[in-house]
Amino acid sequence: HHLESSRMVKILLVIGGNPGINWYDVFKGQLLNGEEDIQVEMAHWDEISLTSYSDSGAVVSLHPSARPIQGTSMTAHRTVKPDFLLVRSACRGVIGQDWRTVLYGLMFSNIPSLNSLHSLYLCQEKPIVYARLNEIRRRHRQRQRQQAAASSGGDGIGQQQAEDDFDFPLIDQTYYATWREMTASHRRLCRDLFKLQPGEGAVVSNGRLVFRTHGEAAGDVPPMSTLDPSDLTF
């Protein structure tokens, strides 16, 4: 057990990702600002435990990895205070894995990260992701309308053409707070049970009765669901 902290050494903690990428080698010999060494540590979400203090930051324990890169510190127990995070995978899995408490502890200490911890937090639930994408589409459409109006002198046809020309491939969806509220008359629908990974929990229904059966069978899954037309070509 050891706690590493030095003014001239910055600790980069890489979380998750492709186990075949050796981030120790990637940053080997690199300096930050030409004077500070970069010490790399790698771990997967299930190998991390931590305690975060409001006045001194997070103390992170990294347990020996079940999938270590040979010749690295991943074979040993380490205790570090990371200066920066490189997050390469989601902290929720498709079969019940959930390490959001670790994410919250890192956020509690405001550790800089790529991607940002705030973006990782928002991406834990698909309704929030979709809402942000919808907002981006709305802002871009509004900007294009304004630009078209300025260039066409207020011509409504020009504004409509600008909106028609805007390409933002966001599939329309319907949100249901619980599966009991799900009703639909579409010929063919695709239902997503809100797992973080795309496609997990998706069910295609060919009619109302089959769709309702799927809804009734979903009582033991997370309550949120969306519907979108699935007769699309990808």
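Comments concerning empty space enclosed by the protein
Alright, step 1. All chains considered together, the criterion is met by 1 cavity of 30 Å³ or more.
Alright, step 2. Residue lining of the largest cavity: Val 14, Gly 16, Gly 17, Asn 18, Pro 19, Met 42, Ala 43, His 44 and Met 74, and that is the complete set.
Alright, step 3. Partitioned by chemical class, the residues of the lining of the largest cavity number 5 nonpolar, 4 polar and no charged.

Let's talk about the packing of aromatic side chains
Note on aromatic pairs: each is described by the distance of the centres and the angle between the planes.
Alright, step 1. Enumeration according to the criterion identifies 2 aromatic pairs in this entry.
Alright, step 2. Ring centres of Tyr 104 and Tyr 121 lie 6.2 Å apart, and the angle between their planes is 65°; on these two criteria the pair is classed as edge-to-face. Highlighted residues: Tyr 104 in helix α2 (residues 100-108) and Tyr 121 in helix α3 (residues 117-122), separated in sequence by 17 residues.
Alright, step 3. The exposure class assigned to Tyr 104 is partly exposed, which follows from its relative accessible area of 37%.
Alright, step 4. Owing to a relative accessible area of 38%, Tyr 121 belongs among the partly exposed residues under this scheme.

Here's the deal with the nonpolar core
Alright, step 1. Counting residues in each nonpolar core, the largest one holds 19 residues, and the members touching the most others are Ile 15, Trp 45, Ile 48, Val 60, Leu 62, Leu 85 and Leu 106.
Alright, step 2. Taken together, the elements giving at least two residues each to this core come down to β2 (9-15), β6 (57-62), β8 (84-87), α2 and α3.
Alright, step 3. Setting aside residues up to four positions removed in sequence, Ile 15 forms contacts with Ala 43, Trp 45, Ile 48, Leu 86, Val 87, Arg 88, Ser 89 and Leu 106.

Comments concerning the environment of Val 59
Alright, step 1. Positionally, Val 59 belongs in strand β6.
Alright, step 2. The partly exposed category is assigned to Val 59, whose relative accessible area is 24%.
Alright, step 3. The spacing of Val 59 and Val 80 is 21 residues in sequence and 6.0 Å in space, taken between C-alpha atoms.

Conventions used here
- Residues numbered from 1 in each chain as written.
- Predicted model: local features only at pLDDT ≥ 70, side-chain atom pairs only at ≥ 80, totals over all residues.
- Heavy atoms only, no water.
- 1 Å grid on protein atoms, 1.4 Å probe; cavity = no way out; pocket = protein on both sides within 12 Å on 5 of 7 lines; lining within 4 Å.
- Points joined across faces, edges and corners; volume = space filled by probe spheres on them.
- Nonpolar A, V, L, I, M, F, W, Y, C, P; charged D, E, K, R; others polar.
- Phe/Tyr/Trp six-rings, centres within 6.5 Å; stacked < 30°, edge-to-face > 60°.
- Helix = DSSP H or I, 4+ residues; strand = E, 2+ residues; numbered from the N terminus.
- Buried < 20%, exposed > 50% of the residue type's maximum accessible area, 1.4 Å probe, protein only.
- Core = buried A, V, L, I, M, F, W, Y, C linked by side-chain atoms within 4.5 Å.
- Contact = heavy atoms within 4.5 Å.

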